[in-house]
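# Residue-level structural notes
Each chain, letter by letter, is given below.
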Amino acid sequence: MTWQSPIAPGISWYQASVGERPEYPELDGSVSVDVAIIGGGFTGLQAAFNLRRLGASVVLIEGSRFGDGASGRNGGQLGTGQRAWPAELEEELGYERSKALFDMAENAKRYLLDFAEQHGIDMEYMPGQMNVAHKRGWEKDYRHDADVMAERYGYPHVSFMDEAETQERLGSKRYHYGVRDSGTGHIHPLKLLVGLARVAASAGAMIHEMTPARAIRQAGGKTVIDTPKGTITADRVLIATNAYIGNLEPVTAAHVMPIRSFIGATVPLDTFPEVLPGSEAVADSRFVVRYFRKTQDGRLLFGGREAYTSDSPRDISSHIRRQIAEIYPALASVEMTHAWGGSVGITMPRKPFARDVLPGVTSLAGYSGHGVMLSNYCGKMYADTIAGNARELDALKDLKIPPFPGGGRLRKPLLFLALTWYALRDRF
Ligand SMILES: Cc1cc2nc3c(=O)[nH]c(=O)nc-3n(C[C@H](O)[C@H](O)[C@H](O)COP(=O)(O)OP(=O)(O)OC[C@H]3O[C@@H](n4cnc5c(N)ncnc54)[C@H](O)[C@@H]3O)c2cc1C
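- Looking at an unreviewed UniProt entry, one finds the protein named FAD-dependent oxidoreductase and attributed to Rhizobium wuzhouense.

## Remarks on the packing of aromatic side chains
- Applying the stated criterion across every chain, the model contains 13 aromatic pairs.
- One aromatic cluster in this structure is built from Phe49, Tyr111, Phe115 and Tyr377.
- Residue placement shows Arg65 over the ring face of Trp3; its charged tip is 5.7 Å from the ring centre.
- The lysine or arginine in question, Arg174, covers the ring of Tyr175, its NZ or CZ lying 6.0 Å from the ring centre.

## Here's the deal with the site of the ligand
- Close to the ligand lie 38 residues, the nearest being Thr43, Glu62, Ser71, Gln77 and Ala213.
- Residue Ala213 places a main-chain N or O atom 2.8 Å away from a nitrogen atom belonging to the ligand.
- Summarising the interface, the protein chains cover 95% of the accessible area of the ligand, which totals 1000 Å² for the free molecule.
- Looking at the shell around the ligand, the elements with two or more residues in it are α2 (42-53), β10 (257-266), β14 (336-346) and α10 (371-386).
- Taken together, the residues of the shell around the ligand sort by class into 15 nonpolar, 21 polar and 2 charged.

## Overview of the nonpolar core
- Counting 67 residues, the largest nonpolar core has Ile37, Leu45, Leu51 and Leu396 as its most contacted members.
- Apart from the residues within four sequence positions on either side, Ile37 is in contact with Gly44, Ala47, Ala48, Leu51, Val58, Val59, Leu60, Ile61, Leu238 and Ala240.
- Of all hydrophobic cores here, the second largest spans 22 residues; its members include Val275, Leu276, Phe292 and Ile327.

## Comments concerning the pattern of salt bridges
- Applying the stated criterion to the full structure yields 20 salt bridges.
- Measuring nitrogen to oxygen at the nearest pair gives 3.6 Å for the salt bridge that ties Glu209 to Arg65. Here Arg65 lies in the loop between β2 (58-61) and α3 (86-93) and Glu209 lies in the loop between β6 (206-208) and β7 (215-219), a separation of 144 residues in the sequence.
- Among the salt bridges present, the one from Asp226 reaches Arg217, with a minimum N-O distance of 2.9 Å.
- With relative accessibility at 19%, the residue Asp226 sits in the buried group.
- Accessibility expressed as a relative area gives 38% for Arg217, which makes it partly exposed.
- One salt-bridge network, in which partners are shared between bridges, spans Glu165, Arg169, Arg180 and Glu280.

## Brief notes about α10
- In a regular helix each residue adds 1.5 Å, so 16 residues correspond to 22 Å; α10 covers 22 Å between its end C-alpha atoms and thus fits that length.
- Downstream of α10 by a residue or two, Gly388 has a phi angle that is positive, lying close to 95°.

## A short note on the environment of Lys222
- Within the element layout of this structure, Lys222 appears in strand β8 (residues 222-227).
- By relative accessible area, Lys222 is classed as partly exposed at 32%.
- Expressed as a C-alpha distance, the spacing of Lys222 and Glu26, which sit 196 residues apart in the sequence, is 23 Å.
- What Lys222 contacts, discounting residues up to four positions off in sequence, is Arg217, Thr233, Ala234 and Asp235.

Conventions adopted
- Residues numbered from 1 in each chain as written.
- Predicted model: local features only at pLDDT ≥ 70, side-chain atom pairs only at ≥ 80, totals over all residues.
- Heavy atoms only, no water.
- Phe/Tyr/Trp six-rings, centres within 6.5 Å; stacked < 30°, edge-to-face > 60°.
- Lys NZ or Arg CZ within 6 Å of the ring centre and 35° of its normal.
- Near = heavy atom within 4 Å.
- Polar contact = N/O pair within 3.5 Å; in protein donor to acceptor, adjacent residues only side chain to side chain.
- Areas by Shrake-Rupley, 256 points an atom, 1.4 Å probe, with all protein chains shown as cover.
- Helix = DSSP H or I, 4+ residues; strand = E, 2+ residues; numbered from the N terminus.
- Nonpolar A, V, L, I, M, F, W, Y, C, P; charged D, E, K, R; others polar.
- Core = buried A, V, L, I, M, F, W, Y, C linked by side-chain atoms within 4.5 Å.
- Buried < 20%, exposed > 50% of the residue type's maximum accessible area, 1.4 Å probe, protein only.
- Contact = heavy atoms within 4.5 Å.
- Salt bridge = Lys/Arg side-chain N within 4 Å of Asp/Glu carboxyl O.
- Expected span 1.5 Å × (residues − 1).

Here it is in structure tokens:
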């Protein structure tokens, strides 16, 4: 029977096309390890794999199945740098820190592509990504950002696209200009995740699905995690639950907010060769970003972030098709084969959240829609800290990430109001 994620709506096209998705057993009994990891997305599984390479004993528990969280259901776009442009980060943090964060992201990209190649994971990588403007008026900024990337950050792969080039590469007249990045690309994220779980298990990590952490407590200098059928006692713990933190740990929950994002997949667009003829991925300039790309078999995967009254796949499908038709009127009645959603973990300043929340307990989350490559690398950086190399991860721990205002009860309503306001601004 087809598996429905209990934590996110709809069956994804990724799930339908991933091939074999092995199941892993629940944790049944109690264990004692060097490091325990809560959450089996990219962050947690990469940490598990890299910790095993360093010789640590590791248990990882996933409350649902691997791939049910954001890592198996996202837009698959790697991007470049951090979520904010380097010029923006430089204004706030100065050149040295901004460059260190840019270099970290480039290391993340290289790490991910090498990891997949070394372990024979075919994650259907396709090159190219474009950022396009839905409004006129920012052209100078776009040109400037491309120049800054080349001249100050040593990244020569971003070029400015004028209106004619933008429209030709998109196959749509909806956007005015943009930048094209030939140094990055997009992937089938669930193929990566399934391969990563296999690699982590082969390296000797004890990995368990359907095993939610119910509570984290400290006793006798160690951390104890309660699960339905046993406890885990560990010297160190990594919380890698991202947007799905719930009430498990209050510091992470106060700093990382879940936002639902939705994606629809069309049938292969064989009769529309003008749509993304170069098969690059696209992200637009809206606050509620629209992101889309073609798959290797020619489907359009189209994502947008909106609140819906109902999360049923039918509602998601028709809403996404309306958004597609705004950009590609010829696709107004295109057949949608799959529609699904997932939760993105965002922070107030849209930068990753990395913090020691209790003695020996670290939390990594809040990649703010830019986590496909960063979350993989954060898992690796966490393992490096256990081996005494904390320098790279410290650059993230040093970022100022304030909690969301409003405390436990008002956080979500206040965020909803703010997001609705920004979403409205996209329309004018
Ligand atoms: C629809 C969508 C589109 C996106 N598109 C992009 C994109 O194109 N590019 C990009 O860079 N990023 C994108 N992202 C973000 C990206 O997917 C994430 O940043 C990244 O996958 C985070 O990985 P993670 O391992 O930290 O979290 P997740 O993959 O969410 O994993 C967290 C896991 O923790 C588990 N968990 C939670 N609580 C418990 C508990 N108590 N006990 C045990 N397990 C628990 C959950 O079940 C989940 O599997 C998108 C996200 C979504 C939802």
